[in-house]
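Overview (structure and organization)
Residue strings, one per chain:
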Amino acid sequence: MAMLEVRDLEVYYGVIQAIKGISFDVDQGEIVALIGANGAGKTTTLHTITGLINAKSGKIVYEGTDITKIPGYKLVGMGIAHVPEGRRVFATLTVLQNLKMGAYTRKDKEEMEATLKMVYSRFPRLEERKNQPAGTLSGGEQQMLAMGRALMSHPRMIVMDEPSMGLSPIYVNEIFDIIQKINGDGTTVLLVEQNAKKALSIADKAYVLETGNIALSGDAKELMNNDQVKKAYLSE
Ligand SMILES: Nc1ncnc2c1ncn2[C@@H]1O[C@H](COP(=O)(O)OP(=O)(O)OP(=O)(O)O)[C@@H](O)[C@H]1O
Ligand SMILES: [Mg+2]
């Protein structure tokens, strides 16, 4: 059994069908990439998994539990954390306050402090800037904060929506390095990216979404060499 099983998922916005019956698996310990062009349905898929949108039909099973109708705030307690598209840090709160918001499901203060230490060790820049309002961080630093905030819930699975969006190449590399390290610590990663090249380079397997359908799927390294993928997603 996979850690996350998505089966025949269909999602509508009003009468418009955004997701047209997709199925995919994320295994424990993997990095799985979901790639595709603007409007393909990547964010919609993540929002359906994290309980922000309801599916019209189909099923999402996480660690053996049907979570299709479970709201987002409960999923955090079940070990799923979401790093949203566009970061969405709380601009007027400090870095530290933002991080603490990510730990709202945690009761044990000592455990929370230990996680905070772990997050600071992954993101030393956040510790340096812990008292700075989040809105004044650079784009790359805000991305780090969004990731750090998600880690504060000590997730078993982290889903990230376009972490490289709008970042300079150096930051992109740094963010992807950190994603690999987070995965190395044992956290399963579902990664949505338009930067297919980088996503495929760190993923175990990948799914290519095209207008609400999975057009291609397979081993990430094999997809990197697939002519169709090269032509549509890897040429710059
Ligand atoms: N709230 C909404 N109401 C109506 N249509 C929506 C809504 N959100 C998304 N859509 C539509 O659903 C489709 C999929 O959008 P989605 O945001 O999932 O794409 P995406 O793959 O994440 O794209 P991008 O790479 O640009 O972030 C698009 O056609 C979009 O216009
Ligand atoms: Mg999106």
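Each remark here, short or long, concerns the structure printed above.
For clarity, every value in this text was computed on a predicted model and none was experimentally measured.

Further remarks concern helix α1 (residues 42-49). The buried fraction of α1 amounts to seven of the eight residues, a majority that puts the element mostly inside the structure. Every buried residue belonging to α1 is among K42, T43, T44, T45, L46, T48 and I49, and all of these are buried. Positive phi shows up at G51, right after α1, with a value of about 80°.

A word on the side chain of T188. Note on placement: T188 falls in strand β8 (residues 188-193). Its relative accessible area of 0% is what places T188 among the buried residues. Once you skip the residues sitting within four places of it in the chain, T188 turns out to touch M3, V26, D27, Q28, G29, E30, R156, M157, I158 and N183.

Surrounding ligand 1, one finds 13 residues, the nearest of these being N38, G39, K42, T43 and T44. Between ligand 1 and the protein, one listed contact pairs an oxygen atom with a side-chain N or O atom of N38 at 2.7 Å. Here T43 contributes a side-chain N or O atom positioned 2.8 Å from an oxygen atom of ligand 1. In terms of residues, the shell around ligand 1 owes the most to one element, α1, which gives three residues. Here the residues of the shell around ligand 1 are counted per class, giving four nonpolar, six polar and three charged.

Our next topic: the coordination of the magnesium ion (ligand 2). In an ideal octahedron of six donors the angles at the metal are 90 or 180 degrees, and in an ideal tetrahedron of four donors they are 109.5 degrees. Protein coordination of the magnesium ion (ligand 2) is provided by T43 (OG1) and E85 (OE), with donor distances spanning 1.9 to 2.8 Å. A residue pair is termed long-range when its members are at least 10 positions apart, and T43 in helix α1 and E85 in the loop between β6 (80-83) and α3 (95-101) qualify at 42 residues. Given a relative accessible area of 29%, E85 falls into the partly exposed group.

Attention shifts here to the pairing of strand β3 (residues 31-35). Of all five residues that make up β3, five are buried, and the element is covered over most of its length. With burial as the criterion, each face of β3 is covered, one bearing I31, A33 and I35 and the other bearing V32 and L34. In the sheet, β3 pairs with β8 via five bridges, with the strands oriented parallel. Of the residues in β8, the one forming a bridge with I31 is V189. Inspection of the sheet shows β3 paired to strand β9 (residues 205-210) by four bridges, in the parallel sense. Of the residues in β9, the one forming a bridge with L34 is Y207.

Moving on, we get to the environment of K20. Mapping K20 onto the fold places it in strand β2 (residues 16-26). Separated by 193 residues in the primary sequence, K20 and N213 have C-alpha atoms spaced 5.7 Å apart. The contacts of K20, once residues within four sequence positions are left out, are L9, E10, T211, G212 and N213. Among the polar contacts listed, one links the side chain of K20 to the backbone oxygen of T211, at a separation of 3.1 Å.

We now examine the sheet that holds strand β5 (residues 65-66). Adjacent strands of a sheet form backbone hydrogen bonds with each other and so pair up, either parallel or antiparallel. Spatially, β2-β1-β4-β5 is the arrangement adopted by the four strands of the open sheet, whose pairing is antiparallel. Each edge of the open sheet carries a strand with a single partner, namely β2 and β5. Bridge analysis of strand β1 (residues 4-13) against strand β4 (residues 57-62) gives five bridges, and the strand direction is antiparallel. If you follow E5 over to β4, its bridge partner there is V61.

Turning to the sheet that holds β9, a few remarks are in order. On the basis of which strands lie adjacent, the open sheet formed by six strands has the order β6-β7-β8-β3-β9-β10 and mixed pairing. Edge positions in the open sheet fall to β6 and β10 (213-219), since each of these has one partner strand only. Within the sheet, the average angular offset between the axes of one strand and its neighbour, ignoring direction, is 15°. Taken strand by strand, α1 contacts β3, β6, β7 (157-161), β8 and β9, and its axis lies near 150° from that of β8. The sheet strands contacting helix α7 (residues 169-184) are β3, β7 and β8, and the helix crosses β8 at an angle near 155°.

Cut-offs and rules
Residues numbered from 1 in each chain as written. Chains lettered and ligands numbered in written order. Predicted model: local features only at pLDDT ≥ 70, side-chain atom pairs only at ≥ 80, totals over all residues. Heavy atoms only, no water. Buried < 20%, exposed > 50% of the residue type's maximum accessible area, 1.4 Å probe, protein only. Helix = DSSP H or I, 4+ residues; strand = E, 2+ residues; numbered from the N terminus. Contact = heavy atoms within 4.5 Å. Near = heavy atom within 4 Å. Polar contact = N/O pair within 3.5 Å; in protein donor to acceptor, adjacent residues only side chain to side chain. Nonpolar A, V, L, I, M, F, W, Y, C, P; charged D, E, K, R; others polar. Donors = N, O, S within 2.8 Å, 3.2 Å for Na, K, Ca; no water. Pairing = 2+ DSSP bridges. Axes fitted to C-alpha atoms, helices over the stretch in contact; angles between N-to-C directions.

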